[in-house]
Amino acid sequence: MGEWNRRSVMVSSAALATGTALAAVGTSSANESPDVPVTPDQSEPKGWSSHGGTIGNCRHVPSSDGIGRPDAIAWQYEHSGPASVVEGAVFLQTDGEIHSLDAADGSLRWTADAIEASGTPAVADDSVYVAGEGVASLEAETGEVRWSEGFDDAELVSSPVVAFETVYVSVEGTLRAYDATDGSLRWEHETVDVETEAGKGAYGFHSRNGTVAVADGTVWVLLDKRRSESGASADGLAALDPTTGEVLWTDHLESGRTASGLAATEDALFVETPTEEGVDVFDVGSREVVETVSDAFDSAAVGDTAVTHGRYTLSSTGADAPWNDRETHAYGKPTIVGDLVVIAHSRRGRSSPDELVGFDLEDGSERWTFAFDNAHWSDGFPIDAVVDGETIYVDRDGKFTAVRPS
């Protein structure tokens, strides 16, 4: 991604310092709601609250001492799917429904099927937000629908991200911001303008999961070259004001590159680029790419450090000592818990049992291993490990499975 537009980079840094928008909005509207606070609250919801665990999609769980070695399956639920886990409750999206479970024993609390949900629910305060055929707010204790807004025949909808009392969701290339309290539309953008090699062009937004992230008072969004009006050769990235939707900065990736996911911290952006099978590390302050991690698809991030997994390598990169471990398709998506990296592990085509492994974040040494009693995962690569408290949640044979120290 070394070809980020340098002129745009230099100008945008000064513009952000003075609060001036860089890029003109294409087909869009941005009206500040009068009840939006001038200094909004970006407090991070507790637990594993949304897609990627955090509002920045960072797959990072703060903890003073990581997580202890699990030694037992606590419970299994007969359905599985993407989930959030907050304050003792699981909110599982399965077959378009939301099932709420008691995190202690897996018992069913309630089921909601009022909206054909997709992706991962987002939890903030006492509400659960879901997107699919529309966007809706559910009461966390009962599943009762508080408000809902429908979409018109939308096929691609991102998982919601909730911050600043606002629900952010990308719908078929349009980025929308809804009031979290009543569902009213605060602002939306169909396109934003980006300077490319061929001149200024309008881009639409990616609408897959993990392409909207919030960090350091900014909404970061991936731009889709397939939705550009100028035949762009690469995807892009935009920074927006979270309350007004004002476009603060835009730019494009290196020619030929597409993006599939984004993790954002206060220090760095980690852009997953499947065309290169790598993750580009983008310094927020300088607006420049400082490193590209090869053989990397998914990332977990804290500060300027990321742990990535690829076809052959589990890697750590950052200011401290980097490390890597190589095993073809053995590792699933990493999760950082305090000073520990938790990951699913399974060797393709072998009879050894599946495992959960805890690696030291600093040096990559193995701290503990939990072995299941069989080799259900034929390949550990796609397995996601969701962590909340002392419990690790994984999918085993279509069952949402909780593993923890007994």
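Before reading on, note that the structure itself is shown above.
Cut-offs applied
Residues numbered from 1 in each chain as written. Predicted model: local features only at pLDDT ≥ 70, side-chain atom pairs only at ≥ 80, totals over all residues. Heavy atoms only, no water. Core = buried A, V, L, I, M, F, W, Y, C linked by side-chain atoms within 4.5 Å. Buried < 20%, exposed > 50% of the residue type's maximum accessible area, 1.4 Å probe, protein only. Helix = DSSP H or I, 4+ residues; strand = E, 2+ residues; numbered from the N terminus. Contact = heavy atoms within 4.5 Å. Phe/Tyr/Trp six-rings, centres within 6.5 Å; stacked < 30°, edge-to-face > 60°. Salt bridge = Lys/Arg side-chain N within 4 Å of Asp/Glu carboxyl O. Pairing = 2+ DSSP bridges.

**Thoughts on the nonpolar core**
Then step 1. Counting 30 residues, the largest nonpolar core has Val90, Leu356, Ile392, Tyr393 and Phe400 as the members making the most contacts within it.
Then step 2. When residues of this core are traced back to their parent elements, those giving at least two are strand S3 (72-77), strand S4 (83-86), strand S5 (89-94), strand S31 (340-345), strand S33 (366-371), strand S34 (386-388), strand S35 (391-396) and strand S36 (399-404).
Then step 3. With sequence-adjacent residues up to four places away left out, Phe400 is seen in contact with Trp75, Gln76, Tyr77, His79, Ser80, Gly81, Ala83, Val90, Leu92, Leu101, Tyr393 and Val394.
Then step 4. Among the nonpolar cores identified, the runner-up in size contains 21 residues, and Ile55, Val161, Val192 and Leu240 belong to it.

**Quick look at the packing of aromatic side chains**
Then step 1. If you walk through the whole model with that rule in mind, you get 13 aromatic pairs.
Then step 2. Plain terms: the ring middles of Trp220 and Trp249 are 6.1 Å apart, the flat faces sit at 70 degrees to each other, and that makes the pair edge-to-face. Taken together, the residues span a long stretch of sequence, with Trp220 in strand S19 (residues 218-224) and Trp249 in strand S21 (residues 247-252) at a distance of 29 residues.
Then step 3. A residue is classified by how much of its surface remains accessible, and Trp220, at 3% relative accessible area, is buried.
Then step 4. Feature note: the residues Trp75, Tyr393 and Phe400 constitute an aromatic cluster, connected by ring pairs.

**Let's talk about the pattern of salt bridges**
Between side chains of opposite charge, a pair can form when the charged atoms approach closely.
Then step 1. Enumeration according to the criterion identifies 17 salt bridges in this entry.
Then step 2. For Asp179, the salt bridge identified is with Arg186, shortest N-O distance 2.9 Å.
Then step 3. Assessed through its relative accessible area of 2%, Asp179 is described here as buried.
Then step 4. A residue is classified by how much of its surface remains accessible, and Arg186, at 5% relative accessible area, is buried.
Then step 5. What emerges from the salt-bridge pattern is a single network uniting Glu172, Asp224, Arg226 and Arg227.

**A word on the sheet that holds strand S32 (residues 355-360)**
Then step 1. Here we have five strands laid out as an open sheet, ordered S2-S30-S31-S32-S33, and mixed in their pairing. Because the sheet does not close on itself, it has two edges, and the strands there are strand S2 (60-61) and S33.
Then step 2. The pairing of S32 with S33 spans five bridges and is classified as antiparallel. By the bridge assignment for S33, Gly358 is matched with Trp368.

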